[in-house]
Amino acid sequence: MTASTEQNPIWHQVRLLKPALPHHAEIIEQDWRGRSWYVIQDRVTGNFHRFPEIVAYVLSLMTGKRTLEDILYQVRADRGEEAPSQGDIVLLLGQLYQADLLRNIEDKNAATLGEKRQKIERSAKIGRYLNPVALRFRLFDPDVLVQKLQPVLGWIFSPIGLVIWGCWVLGALIQAGIHWGELTGGLSDRLLSADNVLIMLIVYPVVKAWHELGHAVAVRRFGGEVHEIGVLLLAFMPLAYTDTSFSTTFPNKWHRAAVGAAGMIFETVLAAAAMYVWSEVEAGWVSAICFNMMVLTVISTLLFNINPMIKLDGYYIFSDSMEIPSMAQRAFALVRWGLCRTLFGVKTYPKPYWVTGELKWLLIYGIFSPFYRLFVMLSIALFIAQKFFVFGVFLAVVSLGMALGLPLFHFCRFLFGGTMLKGHRLRAISVSLLIIAGLVGLLGYVPMPYWTNSLGVVQAQPQTIVRAEGTGQIENVLVENGDYVEKGQVLYQMDDPYLFQMQERLVRELEENEHHYQALRYQDNVEAAIVLEDQKLLKSQQSLIADKIKNLQIVAPRSGYFLSQTNPEDTLGGFLNQGTLVGYVVKPGEVFVQAIVDQEKIEPVRTKLTGVTLMMIEGAPHYLESSVLREPTKSTNILPSLALSTVGGGKLSLDPSKQKDLGSRGAPQPYSYSEQFIYDLDLPLDAKAAMPTIGQRVYVRFEHKSEPLAPRLYRIIRQTFLKRLNV
């Protein structure tokens, strides 16, 4: 807050009021980032409200004897530039009124206080059912139960307890690493089987009840009270909840953060125990229960609880540990203040309070969290609609209404009737219409760069293959990768000492055989004929050894660029068997890229293609211009290479039920779950640039004619409905 001399349009209506806090309001001091904040506890309603120090000072002056004008004069005299403006005082008065923290003369009557509590409880009950996306059902007051369990479970939040917890969970993680293959093998099929879904429905309430018990125990451990536990239907998904609002009064930030983390701490204790049991028992119902406990803990913790963008455990842990009190409320107030002050020119709009280090986090949360929550809610609605279409559509409509419709309604009411815009209403309406027109023009009429990204793999024509004709150890590499070679040029020289020894032995045996034959040819014709037959056998063996020695030279079968499958220098001393693939000798046009295109992305690739760019990622990344050699006529789930699957580092999951099918060469064909269109793309060879490796992955960008964003968004939404809902 900062002092301002500008007149607030409704200040004259409230300046003579003499407000005062009710007797049942208690103020508690806390330290946040070296500055004092104050929590007001309403002992009648059980609600808590947090304010910065300057606001607490203003509240201390509200005794029912001073007017607001006197209070503002006193604060300005005492605090100078730090004093709030008229608009700040008006906003504070409205907040106190909404929180029912303004004293009424009837509050001194005990009966009236009881009626007040009953009225608030009735309003709270009605409020639980107003939001169909988040229905709350209170079950019971767990405070007595938690107090009895405190000696048994509360020790875990001591320093020694946290060390024991860390060792317990670390041991379970090590066990999970040892059994990782067993845990993740066929995970989706195991989770969605009918038997497992039934077990999950039984296990889920137990895990979540244990989670909420952790929050309650933590509140009690640090001196608080818990008076409500119940069920929250978030997007019609049952979740347990615990009212831990008492923790907002804890002066120690780590105690508050521990309350936020307590549910996950308890849940990981249970999951770790399940891991230990699962690793020891045989397959059966005990193993299945333990497995589902682990899976539910991982999903709920990683996807929901630990994420600060959703106002669950992660939000409170982040807010308390980073010392950003009331982060969500102040973040949205900051965004509203920025819009009103910069766009609408309302200089008297109350400035929210922040200190050094808070601003970036408040802006990030205020801008991105509504969109993230909308994304989560619509994703849940889409998931439900796949099984229950009408129910899912209803949920989506409600989600859009709560996330977009309701804020838009409040904005319009503020724009056309808000008192803060007095004198600025024409500018506010004009700016709003201009922004709407700009967004419509930007989305619907301004062409934007448009492309489709994909993956490909480098391939070569079959006639380019070079294989080892013999067997031996590589002795010398005579060419480098990318060199131009002539037909018959030696590429690799192999060595096999045994062959040369055999060749020398056969030469000696032939010489001896010849001498023996010459000695017998005139003495014993029969014996000479036998020796001559032995000589023919030795010569055939000599010819065979000579061919094998000749095959120790790997030669180019044709002229072209030599593309080695490995770094030639790394092959020195290596052993090659006959038939081993050594590399390729290619000419321009014989090396190409096979790129996959999802069915959802095929339409612009077919109808709006203007160019193709390849990004070679091996060695120094560089770009090459390309063109389409062959356009597919139909889709297939047979991948051209494992390099495009998750097994080889790609993005497509393989279908294990089809991996036993054999291709034309007897090798297993990689089948993906989803069908793809396979494009053949030209890969130009440049002797000055790094030569490609056959089989390497390539990033492919299909470039299209520029197009506005609106039709693209429509296609994405339409394809999503067709794919998920078949409508």
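Please refer to the structure placed before this passage.
With that settled, consider the overall build of the protein. Helix and strand counts for the protein stand at 21 helices and 22 strands. Evaluated residue by residue, the protein yields a buried proportion of 42% over its 727 residues. Look at the contacts in the protein between residues 6 or more apart in sequence, and 72% of them connect residues 24 or more apart. On the protein, roughly 40000 Å² of surface is accessible, and the fraction owed to carbon and sulfur atoms is 61%.

Glancing now at the side chain of Lys-208. The residue Lys-208 is located in helix α10 (residues 194–221) in this model. On the basis of relative accessibility, which here comes to 9%, the residue Lys-208 falls in the buried class.

Right, let's talk about helix α7 (residues 159–178) for a bit. At 3.6 residues per turn, the α-helix brings residues three or four places apart onto the same side. Over its 20 residues, α7 extends 29 Å from the first C-alpha to the last, a length consistent with the 28 Å expected when each residue adds 1.5 Å. Within α7, burial applies to Gly-161, Val-169, Ala-172 and Ala-176. Seen end-on, α7 carries its buried residues on one side only, within an arc spanning 55°. Those residues of α7 that are exposed and aimed more than 90 degrees away from the buried face are Pro-159, Ile-160, Val-163, Cys-167, Leu-170, Ile-174 and Ile-178.

So, about the packing of aromatic side chains. Under the counting rule described, the total for this entry stands at 14 aromatic pairs. Between Trp-210 and Phe-266, the aromatic rings sit 4.9 Å apart at their centres with planes inclined by 40°, giving tilted as the arrangement. With a gap of 56 residues between them, Trp-210 in helix α10 and Phe-266 in helix α11 (residues 253–280) connect regions that are remote in the sequence. Owing to a relative accessible area of 26%, Trp-210 belongs among the partly exposed residues under this scheme. Both rings, one in Tyr-315 and one in Tyr-316, keep their centres 4.9 Å apart while their planes meet at 85°; by these two values the pair is edge-to-face. With relative accessibility at 40%, the residue Tyr-316 sits in the partly exposed group.

This paragraph deals with the pattern of salt bridges. Oppositely charged side chains may form a pair once their charged atoms are brought near each other. Scanning the entire structure with this criterion turns up 15 salt bridges. Here Glu-603 ties to Lys-608 by a salt bridge, and the two come within 3.5 Å at their closest N and O atoms. A relative accessible area of 23% means that Lys-608 is categorised as partly exposed. Its salt-bridge partner being Arg-606, residue Glu-631 comes within 3.9 Å of it at the nearest N-O pair. Here the residue Glu-631 occupies a position in the loop between β19 (628–630) and β20 (636–638), and Arg-606 occupies one in helix α20 (residues 602–607), the gap between them amounting to 25 residues. Judged by its relative accessible area of 41%, Glu-631 is partly exposed. Residues joined by salt bridges that share partners form a network here, namely Glu-603, Lys-608, Glu-707 and Arg-715.

What follows deals with helix α3 (residues 68–79). When the terminal C-alpha atoms of α3 are compared, their 16 Å separation across 12 residues agrees well with the 16 Å that a helix rising 1.5 Å per residue should span. Every buried residue belonging to α3 is among Leu-68, Ile-71, Leu-72 and Val-75, and all of these are buried. Mapping the buried residues of α3 onto a view down its axis gives an arc of 95°, with all of them on the same face. Exposed side chains of α3 directed beyond 90 degrees from the buried face belong to Tyr-73 and Ala-77. Looking at the buried side of α3, the elements it contacts are α1 (11–14), α2 (53–60) and α4 (86–98). Taken from the residues just after α3, Gly-80 is the one with a positive phi, measuring 65°.

Another point: the environment of Arg-50. Note on placement: Arg-50 falls in strand β3 (residues 48–52). Among the residues examined, Arg-50 registers a relative accessible area of 18% and is labelled buried. For the pair formed by Arg-50 and Thr-249, sequence separation is 199 residues and the distance between their alpha carbons is 9.1 Å. With near-sequence residues (within four places) excluded, Arg-50 lies in contact with Gln-30, Trp-32, Trp-37, Tyr-38, Val-39, Thr-248, Pro-325 and Ser-326.

Put simply, α2 and α4 touch, their axes get as near as 12 Å, and they point 75° apart. Taken together, the axis directions place α2 and α4 in an arrangement best described as roughly perpendicular. Within the contact between the two elements, α2 uses Val-55, Val-58 and Leu-59 and α4 uses Ile-89, Leu-92 and Leu-96. Looking at the contact of α2 with α4 residue by residue, the class counts come to 6 nonpolar, no polar and no charged.

Rules used in this analysis
- Residue positions are counted from 1 within each chain, in the order its sequence is given.
- Whole-chain, interface and lining totals are the exception, using all residues; otherwise, since this is a predicted model, local features are given only for residues with pLDDT of at least 70 and side-chain atom pairs are given and counted only at 80 or more.
- Processing note: side-chain calculations cover all non-hydrogen atoms of the structure and skip hydrogens and water entirely.
- Only DSSP runs of H or I covering at least 4 residues are called helices, and only runs of E covering at least 2 are called strands; the numbering of each starts at the N terminus.
- Between buried and exposed lies partly exposed: a residue is buried under 20% and exposed over 50% of the maximum accessible area for its type, with that area taken using a 1.4 Å probe on protein chains only.
- Contact definition: two residues touch when any of their heavy atoms are within 4.5 Å.
- Only the protein chains shown count as covering a residue, and every accessible area follows the Shrake-Rupley method with a 1.4 Å probe.
- A helix's residues, less one, multiplied by 1.5 Å, set its expected span.
- By construction, the arc corresponds to the directions joining the helix axis to the C-beta atoms.
- Classification of ring pairs uses Phe, Tyr and Trp, with its six-membered ring standing for Trp, and accepts pairs whose centres are within 6.5 Å; under 30 degrees between planes counts as stacked, over 60 as edge-to-face, and the remaining range as tilted.
- The salt bridge definition used is simple: a Lys or Arg side-chain nitrogen within 4 Å of an Asp or Glu carboxyl oxygen.
- All axes are obtained by fitting lines to C-alpha atoms, using only the stretch in contact for helices, and the reported angles, taken between N-to-C directions, cover 0 to 180 degrees.
- The labels follow the angle: roughly parallel below 35 degrees, roughly antiparallel above 145, roughly perpendicular from 65 to 115, and oblique for the rest.
- Polarity classes work like this: nonpolar for Ala, Val, Leu, Ile, Met, Phe, Trp, Tyr, Cys and Pro, charged for Asp, Glu, Lys and Arg, and polar for all others, with Gly in that last group.

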